[in-house]
Amino acid sequence: MLELSILGFLAEEPLHGYELKERIKALSGHVRPVSDGALYPAIHRLVAAGKLDQRTEEGASAAPRRVLSLTGKGRADLLERLRTPKQAEITDQIRFNTVLAFLRHLDDPAEQAAVLRRRLDFLEAPASFFYRDGEPVRAEEAGDLFRQGMLRVARATGTAEREWLREAIEVLGQAPGQRS
């Protein structure tokens, strides 16, 4: 997800490392903070793979800074990652949010809708944090206040997300050149 975030933010504009780190931090928040020990090796891998360019420019104070930008190869990689997200990027809420943050870079509404349909299909399968005799436990059956709270919040969140996904898929289906 770190590489997807790097490619996604650089598809919007060239950035230096600190700006990129701050944007990634804002996207993933405190849940999955990004460290320099993870960010800079990922940047170096992408530069070595020809997916990013880096140039040096004068710094605001004294030290020069390296500005990163996306190459054509990097843009192609970003688009492929968005077209075909891994299953964990569909099932994990934070990873899916990262995909969602950059999905607008796909030009084809049908491709965008296909990603949203995968998430909707996942959310429509019965699931719970807790199971009894192989069956998902509903909030009303949780047996304790705290698990009941978890399940009620998850149900409300899931309901809202499924509703939005259906609306978005419908809108994308009405995009010019698309059939509804």
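The text that follows walks through the structure, step by step, so that each part is easy to find. Per-chain numbering applies: the sequence of each chain, read as written, is numbered from 1 onward. Local features are withheld for residues below a pLDDT of 70 in this predicted model, meaning they are given only at 70 or higher, and side-chain atom pairs are given and counted only at 80 or more; totals for whole chains, interfaces and linings count all residues. Only hydrogens and water are set aside when side-chain values are computed; all heavy atoms of the structure are taken into account.

**Details of the packing of aromatic side chains**
So, point 1. Between the rings of Phe, Tyr and Trp (Trp by its six-membered ring), a pair exists once the centres lie within 6.5 Å; its type follows the angle of the planes, with under 30 degrees stacked, over 60 edge-to-face, and the other angles tilted. Across all of its chains, the model carries 2 aromatic pairs by this definition.
So, point 2. Their ring planes at 90° and their centres at 4.9 Å tell us that Phe9 and Phe102 sit as a pair that is edge-to-face. Within this pair, whereas Phe9 is found in helix H1 (residues 2–12), its partner Phe102 is found in helix H6 (residues 93–102), the two being separated by 93 residues in sequence.
So, point 3. The class for Phe9 is buried, based on a relative accessible area of 11%. Secondary structure follows DSSP: runs of H or I at least 4 residues long count as helices, runs of E at least 2 residues long count as strands, and numbering of each begins at the N terminus. Think of it in three bands: residues with accessible area under 20% of the maximum for their type are buried, residues over 50% are exposed, and the middle band is partly exposed, with areas taken using a 1.4 Å probe on protein chains only.

**Quick notes on H1**
An α-helix turns once per 3.6 residues; consequently, residues spaced three or four apart project the same way.
So, point 1. Burial of H1 is extensive: 9 of the 11 residues sit out of reach of the surface.
So, point 2. Looking at H1, one finds that the buried residues are Glu3, Leu4, Ser5, Ile6, Leu7, Gly8, Phe9, Leu10 and Ala11.

**Concerning the nonpolar core**
For soluble globular proteins, nonpolar side chains are generally found buried alongside one another.
So, point 1. Here, nonpolar core means buried Ala, Val, Leu, Ile, Met, Phe, Trp, Tyr and Cys residues that are tied together by side-chain atoms lying within 4.5 Å of each other. Ranked by size, the top nonpolar core spans 35 residues in total, and within it Ile6, Leu10, Leu20, Leu52, Leu82 and Leu116 carry the most contacts.
So, point 2. For this core, the elements supplying multiple residues, two or more each, are H1, helix H2 (17–28), helix H3 (36–48), strand E3 (65–70), helix H4 (72–83), H6, helix H7 (109–124) and helix H8 (145–173).
So, point 3. Broken down by element, the residue count for this core peaks at 6 residues, all from H1.
So, point 4. Any two residues whose heavy atoms approach within 4.5 Å are treated as being in contact. Contact partners of Leu116, with chain neighbours within four places excluded, come to Phe96, Leu100, Leu103, Trp164, Leu165, Ala168, Ile169 and Leu172.
So, point 5. The next biggest cluster of nonpolar side chains, apart from the first, holds 5 residues, and it includes Phe130, Val137, Ala142 and Leu151.

**Some words on the sheet that holds strand E2 (residues 52–57)**
So, point 1. If you trace the 3 strands from one edge of the open sheet to the other, you get E1-E3-E2, paired in antiparallel fashion. The strands lining the two open edges of the sheet, one partner per strand, are strand E1 (15–16) and E2.
So, point 2. Across 2 bridges, E1 lies against E3 in antiparallel orientation. Bridge pairing in E3 places His16 opposite Val67.
So, point 3. Helix axes are fitted to C-alpha atoms over the stretch in contact, other axes to C-alpha atoms as well, and angles between N-to-C directions run from 0 to 180 degrees. Against the sheet, H1 engages E1, E2 and E3, with an angle of about 90° to E3. In this description, strands pair whenever DSSP reports at least two bridges between them.

**Structural notes on the side chain of Thr98**
So, point 1. For Thr98, the location among the structural elements is in helix H6.
So, point 2. With residues up to four places along the chain from it excluded, the contact list for Thr98 reads Met1, Leu4, Ser5 and Leu27.

**Some remarks on the pattern of salt bridges**
So, point 1. Basic side-chain nitrogens of Lys or Arg form a salt bridge, by our definition, when they fall within 4 Å of a carboxyl oxygen of Asp or Glu. Going through the model one piece at a time under the given rule, you end up with 16 salt bridges.
So, point 2. With a shortest N-O distance of 3.2 Å, Glu3 and Arg45 are connected by a salt bridge. Of this pair, Glu3 sits in helix H1 while Arg45 sits in helix H3; the two residues are 42 residues apart in sequence, bridging distant segments of the chain.
So, point 3. Its relative accessible area of 19% is what places Glu3 among the buried residues.
So, point 4. Residue classification places Arg45 among the partly exposed positions, given a relative accessible area of 47%.

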